[in-house]
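# Residue-level structural notes
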Amino acid sequence: MTGDETDDSSREIMEATYRALCEHGYAATSISKIADEFSKSKSLLYYHYEDKEDLLEDFLGFLLDEFETKVASIEEKEPRERLVAVIDLLVPSNVNEEDMHFRRAVLEIRAQAPYHETYQKQIERSDDLILGEIIDAIELGIDSGAFRSVNARKVAEFIYSTAYGAIERGVTLDDKSVLTDGRQAIDDYVDSQLRSYS
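Now for a description of the structure that goes with this document. These numbers were taken from a predicted model, which means no experiment stands behind them.

## Focus: the overall build of the chain
- Helix and strand content of the chain: 9 helices and 0 strands.
- Taken from N to C terminus, the helices and strands of the chain fall in the order α-α-α-α-α-α-α-α-α.
- With the C-alpha coordinates aligned to their principal axes, the bounding extent of the chain is approximately 65 × 40 × 30 Å.
- Within the span of the chain, comprising 198 residues, buried residues form 42% of the whole.
- For the chain, restricting intrachain contacts to residue pairs at least 6 apart in sequence, the fraction spanning at least 24 positions comes to 66%.
- For the chain, the exposed area adds up to about 10,600 Å²; of that, 46% sits on carbon and sulfur atoms.
- Side chains of the chain carry 22 positive and 43 negative charges; the gap between the two charge centres is 4 Å.

## Here we look at the packing of aromatic side chains
- A complete count under the given rule lists 5 aromatic pairs for this structure.
- Aromatic pair Tyr-18 and Phe-102: ring centres 4.8 Å apart, planes at 45°, arrangement tilted. Taken together, the residues span a long stretch of sequence, with Tyr-18 in helix α1 (residues 3-28) and Phe-102 in helix α6 (residues 97-111) at a distance of 84 residues.
- Under the relative-accessibility criterion, Tyr-18 is labelled partly exposed at 24%.

## As for the layout of surface pockets
- The calculated volume of the largest pocket comes to roughly 750 Å³.
- Along its surface, the largest pocket is lined by 28 residues, and Leu-63, Lys-70, Leu-89, Phe-102 and Arg-103 are the ones closest to its centre.
- Elements that contribute at least two residues to the lining of the largest pocket include exactly α1, α4 (52-72), α5 (79-90), α6, α7 (117-144) and α8 (152-173).
- Among the elements that make up the lining of the largest pocket, the one with the highest residue count is α4 (8 residues).

## Describing the environment of Asp-191
- If you trace the backbone, Asp-191 turns up in helix α9 (residues 176-194).
- In this structure Asp-191 comes out as partly exposed when scored by relative accessible area, which is 22%.
- Sequence separation between Asp-191 and Phe-147 is 44 residues; the distance between their C-alpha atoms is 9.2 Å.
- Not counting residues within four places of it along the chain, the set of residues in contact with Asp-191 comprises Arg-80 and Tyr-197.
- A polar side-chain atom of Asp-191 sits 3.5 Å from a polar atom in the side chain of Arg-195.

## Quick word on the pattern of salt bridges
- For the coordinates displayed, the defined rule picks out 16 salt bridges.
- Among the salt bridges present, the one from Lys-40 reaches Glu-12, with a minimum N-O distance of 3.6 Å. Highlighted residues: Lys-40 in the loop between α2 (31-37) and α3 (42-48) and Glu-12 in helix α1, separated in sequence by 28 residues.
- One salt bridge in this structure joins Asp-191 and Arg-195, with 3.5 Å as the shortest N-O distance.
- What you see here is one network of salt bridges that share partners, running through Arg-80, Glu-81, Asp-191 and Arg-195.

Quick notes on the rules
- Residues numbered from 1 in each chain as written.
- Predicted model: local features only at pLDDT ≥ 70, side-chain atom pairs only at ≥ 80, totals over all residues.
- Heavy atoms only, no water.
- Helix = DSSP H or I, 4+ residues; strand = E, 2+ residues; numbered from the N terminus.
- Buried < 20%, exposed > 50% of the residue type's maximum accessible area, 1.4 Å probe, protein only.
- Contact = heavy atoms within 4.5 Å.
- Areas by Shrake-Rupley, 256 points an atom, 1.4 Å probe, with all protein chains shown as cover.
- Lys, Arg positive; Asp, Glu negative; His and termini not counted.
- Charge placed at Lys NZ, Arg CZ, Asp CG, Glu CD.
- Phe/Tyr/Trp six-rings, centres within 6.5 Å; stacked < 30°, edge-to-face > 60°.
- 1 Å grid on protein atoms, 1.4 Å probe; cavity = no way out; pocket = protein on both sides within 12 Å on 5 of 7 lines; lining within 4 Å.
- Points joined across faces, edges and corners; volume = space filled by probe spheres on them.
- Polar contact = N/O pair within 3.5 Å; in protein donor to acceptor, adjacent residues only side chain to side chain.
- Salt bridge = Lys/Arg side-chain N within 4 Å of Asp/Glu carboxyl O.

Function cannot be read off these values alone, since they describe shape.
Encoded structure:
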């Protein structure tokens, strides 16, 4: 198997994992159910992964790589728009049913982190990456004069915690409006607390 074929197979395994998690959630997702979503030989998937936890560790890494790619593709130059674009990757303005299912599955995986060191390491990496991007966007706004001078890390922590609170409540209650309202609250906060009017 060539390098390109290996890369293609790895991506297809990750996409099959995504579909299985959206369909079944973390607890009910198994290697077998992921294999059902995989278009290639099931033996190929079993060859690469012994169990669900091993596969999900790679899946979390895949999500982070995808997030980094999406952040790198953000073209907005105006500080507020750049910050909003980063936040949009975390909590979209318009949440659809697939968003809800996927965020529920990721929330379930995060809940396992205290019991799985590998999950915990990936989630720590995720938090560092997302917080870092929010901090960078805020600091860009401060440097350009678009945002007031604030403690960028504290503000980023508040935004990130608010976003995850909205995600946790929204998916737990199966209520998209909680995510939508939480996202609006973040946008309002950015406008009222960050924007410089001088």
